[in-house]
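Descriptive structure summary
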Amino acid sequence: MQALDRGEVSVHMDAQPAEVYGIVADVTRTPEFSPEVKRCAWLDGATGPKVGARFKAHNKVQRGPGWSNKPVITAADPGREFAFSRTEFGGGTMQWRYLFEPDGAGTRVTESYEVVRPLSAFMWFVIERVCGRKDRRSDLRLGMQQTLEGVRVVVERSPHLT
């Protein structure tokens, strides 16, 4: 069984914190950037980020079955912080957070996760044996790096955002 507790990645973006927040907090855009998230939709009449709002995310890794979860927004502070918590049956609870800090003329964006309740032994079996993911910590770090680099490309390419 792998050890998984927390991780984070930071990337500088040549855009203002509120502009980057607007893209990150629109969870329907997450599939444009994340290598694992394939679809996201707001639930229960929600149309945007607000504490308590929920969305459904559909995830998939290269090998094995896909899965879905229904995170709840725990922080929605434009230009400062966006966070959500997701609990999956057997998959424990993870808190995902994005912090937006002014950095010169741009923004330092930090994406992080923290395992609040650990994954079950059965879920580790599925991750390791069925999905073939031998180093989940590295997978998540690479995914965060790819996600933030994708957001950076979009915000820096959009003249109305910078």
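All values derive from a computational prediction rather than experimental measurement. (Residues numbered from 1 in each chain as written. Predicted model: local features only at pLDDT ≥ 70, side-chain atom pairs only at ≥ 80, totals over all residues. Heavy atoms only, no water.)

As for the overall build of the protein chain
Secondary structure summary: the protein chain contains 3 helices and 8 strands in total. Relative to its 162 residues, the protein chain shows a buried fraction of 45%. Considering only residue pairs separated by 6 or more positions, the protein chain has 53% of its internal contacts joining residues 24 or more positions apart. Accessible surface, the protein chain as shown: approximately 8,500 Å² in total, 53% of it carbon and sulfur. (Helix = DSSP H or I, 4+ residues; strand = E, 2+ residues; numbered from the N terminus. Buried < 20%, exposed > 50% of the residue type's maximum accessible area, 1.4 Å probe, protein only. Contact = heavy atoms within 4.5 Å. Areas by Shrake-Rupley, 256 points an atom, 1.4 Å probe, with all protein chains shown as cover.)

Overview of the sheet that holds strand S7 (residues 92-103)
Within the open sheet, the 5 strands sit side by side as S1-S8-S7-S6-S5. Their pairing is antiparallel. Whereas interior strands pair on both sides, the edge strands pair on one side only; in this sheet they are strand S1 (6-13) and strand S5 (72-77). Going from strand to strand, the sheet's axes swing by 10° on average, the running direction of each strand aside. Sheet analysis places strand S6 (residues 81-88) next to S7, joined by 8 bridges and oriented antiparallel. Residue Thr 87 lies in a different strand from S7, and its bridge partner there is Thr 93. Contacting S1, S5, S6, S7 and strand S8 (106-117), helix H1 (residues 17-24) crosses the sheet at an angle of about 155° to S7. (Pairing = 2+ DSSP bridges. Axes fitted to C-alpha atoms, helices over the stretch in contact; angles between N-to-C directions.)

Focus: the nonpolar core
Met 13, Val 20, Phe 55, Phe 82, Phe 100 and Val 151 are the most contacted members of the largest nonpolar core, which totals 32 residues. Residue assignment for this core shows that the elements contributing at least two residues are S1, H1, strand S2 (37-42), strand S3 (55-59), S6, S7, S8 and helix H3 (136-157). Per element, the largest residue contribution to this core is 5 residues, and it comes from H3. When sequence neighbours within four positions are dropped, the list of residues in contact with Phe 100 reads Pro 17, Val 20, Tyr 21, Val 24, Gly 79, Arg 80, Glu 81, Phe 82, Thr 107, Arg 108 and Val 109. (Core = buried A, V, L, I, M, F, W, Y, C linked by side-chain atoms within 4.5 Å.)

Quick notes on the packing of H1 against H3
In a packed pair of helices, the relevant descriptors are the angle between the two axes and the axis-to-axis distance. Close contact between H1 and H3 brings their axes to 10 Å; oriented N to C, the two are set at 125°. The angle between H1 and H3 falls in the class oblique. Where H1 crosses over H3, the two elements pack in a sense that is right-handed. On H3, the residues touching Val 20, Ile 23 and Val 24 of H1 are Val 151, Val 154 and Val 155. The residue inventory of the contact of H1 with H3, partitioned by class, reads 6 nonpolar, no polar and no charged. (Parallel < 35°, antiparallel > 145°, perpendicular 65-115°, else oblique. Left-handed = near helix turned anticlockwise from the far one by under 90°. Nonpolar A, V, L, I, M, F, W, Y, C, P; charged D, E, K, R; others polar.)

Re the confidence of the model for the protein chain
Keep in mind that low pLDDT regions are not for reading the predicted coordinates in detail. Across the protein chain, the average pLDDT comes to 87, with 82% of residues at 70 or higher. Mean pLDDT across the elements of the protein chain ranges from a minimum in helix H2 (residues 121-130), with 63, to a maximum in S5, with 98. (pLDDT = per-residue confidence, 0-100.)

Describing the pairing of S8
Pairing of S1 with S8 involves 8 bridges; the strand directions are antiparallel. What sits directly across from Ser 10, in S8, is Thr 110.

Quick look at the pattern of salt bridges
With the rule as written, the count across this model stands at 6 salt bridges. For Arg 6, the salt bridge goes to Glu 114, with nearest N and O atoms at 3.1 Å. Separated by 108 residues along the polypeptide, Arg 6 in strand S1 and Glu 114 in strand S8 bring together distant segments of the chain. Through salt bridges with shared partners, a single network forms among Glu 149, Arg 152 and Glu 156. (Salt bridge = Lys/Arg side-chain N within 4 Å of Asp/Glu carboxyl O.)

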